[in-house]
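A look at the structure
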Amino acid sequence: MTPSRRARRQLIASIMGALLLLPAAAVAQQGEALLRVVAPWEYSSNDPTDTGYILARMGIAETLVQVEPDGRLIGGVASGWTIDADKLTWRFTLRPGATFHDGSPITAAAVAASLKTAFEGESLSAVPFDRVAAEGEQVVIRTKTPFSVLPPFLTDYASVILAPSSFGSDGKVQKIVASGPYRITAIEGKAVIDLERFEGYARAKPAIAKARYTAVGNGDTRANIAVAGDADLVFTVAPTAIQRIDGAGQLKVESITIPRIRPIAFNSGLPQFEDVRVRRAISMAIDRAGIASAILRHPGSAATQLLPPLMKDWHDPSLPPIPHDVEGAKRLLTEAGWLPGADGIRAKGGTRLAAKMLTLSGRAELPVMATAIQAQLRQIGMEIAIEAGQSAIIPAAIRDGTMQMTMFARTYVNVPEVIATIVPDYTRERSTWGTMNWPGRERVKPLTDEYVSSFEETRKATLRREIMKIIHDEAPVIPVSWFEHTVAVSKRVDNVVIDPYEMRYLIDRVRFR
Amino acid sequence: MNPIARAIAARATQALLTAWVLATLCFAFVHALPGDTALRIAAARVGEDRVTAETADRIRREEGLDRPLVAQYGDWIARLAVADLGRSLVSRRTVTDELAYHGRFTLGLGALGWLLSYAIALPIGVLAGFRPGGWADRLTTAVSVGIASLPSFLVGIGLISIFALTLRWLPPAGFRTGAHMVLPAITLALGLAAYSVRIIRNSVVEVRAAFYMTFARIKGLGARQAFRSHGLRNAAIPVATFAALQFAYVVDGFVVIETLFNYPGLGELLVKALLARDVPIIMGAGLMIGLLYAAANLIADLVCLTLDPRRAARAAA
């Protein structure tokens, strides 16, 4: 054999050997003491306004205040807080001895500087912010008007506290130096973040030393990863994949109902939708139980009112559940003067009971649900055309005034206080994810204004009931289903807590069995 | 000027013009699409649930999207003159960094898949070409037509089902280890080999029927020796051109495979940029793809000049 031929054969043998060893390497990797977390969201930038939720969920960064899965507010970077007698000045005391990931102390001045940046963005624009400053060991936030719900607003991920070394000379975030139980060791593109336990963490340290976050946008690919047992926690599993994942026996899917809903919103200024009886009839014609069972594969997700029972303060058990009553819906429409035409579609004064419904293609279940609703509304003599597109189609249609009807997904706990969603969605003439041209907003607005300024719990409970009753009765937005937050959990981990507020993955509490 | 230098000069001029035209078309087409660019960017940055008109307005102001299109295009050209492709409107990283990061994954996987495809296609194509109409040729035709008619996602799903989900030998998705590259590389290789095997087979059949091959046999050479000495280089000429273009095709992005295997390549970057209307990334990618195809053509030309002395002589004349 010539030397060149021998070299060629050696090269081929090496390649074949490497290919044969690759599976073994992959299996070996699975055995590492590394907590592998898979979720849909890419880490696209360092700006907390964009991706702060990944930092907060993975325990990398903390907010001044945090929420427990049972809804209690606890201190995050702060250990506690008080409000002065003027009802405007809030004082947050920081945890003693706490440090950022670079070892620098968490001072009131550093926290105030970080919060100042956060208050400049849109996320906290609902806060009547006056100023934030360091006063001794305390961070003092002053509002222009009394704002009783400031602490829950401070759980917003856009307000994660970052060390001064995180910011560049232009005031923009250049790198993440935060204070959570895990710190970043490496970021690989937008898909992978490697973490290690932060040994200087002021509270209980995580049991698992190393973790990895992997962004996998495609739902089928996430399901495959769960089936193959290639992760320990896989978040946001499609309902259609649950049986397959459970059947494979590597991970088990756990789920809870969360305060995220799939609603239909109307342009209440249009002749078709200005009468509350039409909106109610549409709501009654929708077979929520059928959609929940057949499409969402979770019968418990059929909405009976705007928010699920988990939101104890905002779910009112005394409100009558939305019925599925096709004959009743037809009667309501006839009573409202909408009578069937020759083609079966109702009309009134020359206007057909028809509309275009915009929905989002990014959520696979929504176009399917829209199709089912299209058929159900046809039964009561209403015609809808469906247009599915990217999320921007809805705000664009609202801006140019062409919005007629929309179906989307909306969380009511961007912060753990529903009023933060009620105000933008139900008190404005044109809300991106709520009502449009709804006259009832004039009745809701004084109630929400009083709610955010009231410090009396009994009065706030009354206001909550009044607000929810108006929304329930007037139906400017009708809930179709609640969300199930689904997580596939590996058998090798224990103590997994699912946060219904989706603020944290609480991986610092997870242990290997 | 020698033929090689002339080929390089011609292709470089062609490359620059193609890349510029492609990037300009990208700019025109993206802006011709209906909808609000700032809203798309806002949705990509803050997520679907949190996008509002206020966020879109801020982005429009900050990124200068409210300026006339001519001004935006002029700004891009001015930056291009100093080799600055700008920044992504979503990640705010430089376009060069984004293309380099995603490009290296695509290049790695593309090269592996491409090499693997020729490792499969060359012996099979030559075997089929030696006995046209024989059982090997008929079987190869049937299999290659079958694979070529299957969409790559079906091939990928099949491989994932067998090797990742059933046997659990390989990970179903990801990119951090060599093991993660095996299934996407095989998926890619099978798709490429399905086409190249036919090109190789036809080239071998054509060369073997040539007069000079008959002459070589009359001269007393055996079939294999005649093919090695006189047929191989001739058969390689069309294959080299096809292979270079195939490589350009795989590098400019195999979206389906990258999405299926969660592989952060150029195809994935480009699709996300298109959905988000991330204009600087789209234009940068257009520019790069234009250059890439020109480079592939140049390589094909150089290989053909090396393989075919007649062409080199014509070019020199």
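Worth saying up front: this structure is predicted, and the values here are computed from it rather than measured.

1. Some details on the confidence of the model for chain A
All names here are of chain A. Residues of chain A with pLDDT of at least 70 account for 94%, and the chain-wide mean is 91. Of the regions scoring below 50 in pLDDT, residues 8-13 engages in one contact with residues more than four places distant in sequence or in other chains. Here residues 15-31 scores under 50 on pLDDT; set against residues more than four positions off or in separate chains, the count is 17 contacts.

2. Here we look at the sheet that holds strand S6 (residues 129-135) of chain A
Residues and elements named next belong to chain A. One open sheet accounts for four strands, arranged S4-S5-S7-S6; its pairing is antiparallel. Pairing within the sheet leaves two strands with one partner each, and these edge strands are strand S4 (78-83) and S6. Recorded for the sheet is a direction-independent mean angle of 20 degrees between the axes of neighbouring strands. Of the pairings in the sheet, the one linking strand S5 (residues 89-94) to strand S7 (residues 138-143) comprises five bridges and is antiparallel in character. Residue pairing across strands places Thr-89 opposite Arg-142, the latter belonging to S7. Each of S5, S6 and S7 touches helix H3 (residues 108-119); the most contacted strand, S6, lies at about 165 degrees to it.

3. A short note on the interface of chain A and chain B
At the junction of the two partners, chain A supplies 55 residues and chain B supplies 50 residues. Where chain A abuts chain B, roughly 4000 Å² becomes buried across the two surfaces, and 48% of that area is made up of carbon and sulfur atoms. Considering only the side of chain A, the residues that lose the most area to chain B are Glu122(A), Glu188(A) and Arg399(A), jointly responsible for 15% of the buried surface there. Run the count over chain A and chain B and you get nine salt bridges. Across the salt bridge formed by Asp194(A) and Arg176(B), the nearest N and O atoms sit 2.8 Å from each other. Breaking the side of chain A that touches chain B down by element, the ones donating at least two residues are helix H1 (3-30), helix H2 (48-57), strand S9 (192-197), strand S10 (210-215), helix H5 (219-228), helix H6 (242-248), helix H11 (393-399) and strand S19 (410-411) of chain A. In terms of residues, the side of chain A that touches chain B owes the most to one element, H1(A), which gives six residues.

4. What about the packing of aromatic side chains?
The description of an aromatic ring pair uses the distance of the two centres, along with the angle that the planes make with each other. On inspection of all chains with the given rule, the structure shows 19 aromatic pairs over all chains. When the centroid spacing of 6.1 Å and the interplanar angle of 40 degrees are considered together, the rings of Trp81(A) and Phe92(A) count as tilted. Highlighted residues: Trp81(A) in strand S4 and Phe92(A) in strand S5, separated in sequence by eleven residues. Look at Trp81(A) and you get partly exposed, because its relative accessible area is 26%. Here Phe130(B) and Phe227(B) contribute two aromatic rings whose centre-to-centre distance is 5.1 Å and whose plane-to-plane angle is 75 degrees, an arrangement assigned as edge-to-face. Of this pair, Phe130(B) sits in helix H5 (residues 95-130) while Phe227(B) sits in helix H10 (residues 223-251), and the two are 97 residues apart along the sequence. When sorted by exposure, Phe130(B) lands in the same class as Phe227(B), which is buried. Through a chain of ring-to-ring contacts, three or more aromatic side chains come together here, namely Tyr101(B), Phe105(B), Phe175(B) and Tyr263(B).

5. With respect to the pairing of strand S20 (residues 477-490) of chain A
All names here are of chain A. Counting buried positions along S20 gives 14 out of 14 residues, so the element sits mostly inside the fold. Sheet topology places strand S12 (residues 251-266) next to S20; 13 bridges connect them, and they run antiparallel. Looking at S20, one finds that Ile-256 is bridged to His-485.

6. A look at the pairing of S6(A)
All names here are of chain A. In the sheet, S6 pairs with S7 via six bridges, with the strands oriented antiparallel. For Glu-135, the partnering residue across the bridge sits in S7 and is Gln-138. Between S6 and S7, which pair antiparallel one after the other, the connecting turn spans two residues, and Gly-136 there sits at a positive phi close to 65 degrees.

7. Some remarks on the nonpolar core
Formed by 120 residues in total, the largest nonpolar core has its most connected members in Leu64(A), Ile141(A) and Ile422(A). Leave out the neighbours within four places in its chain, and Leu64(A) touches Gly75(A), Gly76(A), Val77(A), Ala78(A), Phe92(A), Leu94(A), Val111(A), Leu115(A), Ile141(A), Leu154(A) and Ile161(A). Ile160(B), Leu170(B), Val250(B) and Phe254(B) belong to the second largest nonpolar core, which has 41 residues in total.

8. Focus: helix H12 (residues 266-276) of chain B
Along H12(B), the residues that are buried comprise Leu266(B), Gly267(B), Glu268(B), Leu269(B), Ala273(B) and Ala276(B). Positive backbone phi, approximately 55 degrees, marks Arg277(B), located one or two places after H12(B).

9. Structural notes on the sheet that holds strand S15 (residues 351-352) of chain A
Residue and element names in this part refer to chain A. Strand order in the open sheet formed by three strands is S13-S14-S15, and the pairing between neighbours is antiparallel. Each edge of the open sheet is held by one strand with a lone partner, namely strand S13 (339-340) and S15. Note: strand S14 (residues 346-348) against S15, two bridges, orientation antiparallel. Residue Lys-348 lies in a different strand from S15, and its bridge partner there is Thr-351.

The rules behind the values
Residues numbered from 1 in each chain as written. Chains lettered and ligands numbered in written order. Predicted model: local features only at pLDDT ≥ 70, side-chain atom pairs only at ≥ 80, totals over all residues. Heavy atoms only, no water. pLDDT = per-residue confidence, 0-100. Contact = heavy atoms within 4.5 Å. Pairing = 2+ DSSP bridges. Helix = DSSP H or I, 4+ residues; strand = E, 2+ residues; numbered from the N terminus. Axes fitted to C-alpha atoms, helices over the stretch in contact; angles between N-to-C directions. Buried area = accessible area lost by both parts, 1.4 Å probe. Salt bridge = Lys/Arg side-chain N within 4 Å of Asp/Glu carboxyl O. Phe/Tyr/Trp six-rings, centres within 6.5 Å; stacked < 30°, edge-to-face > 60°. Buried < 20%, exposed > 50% of the residue type's maximum accessible area, 1.4 Å probe, protein only. Core = buried A, V, L, I, M, F, W, Y, C linked by side-chain atoms within 4.5 Å.

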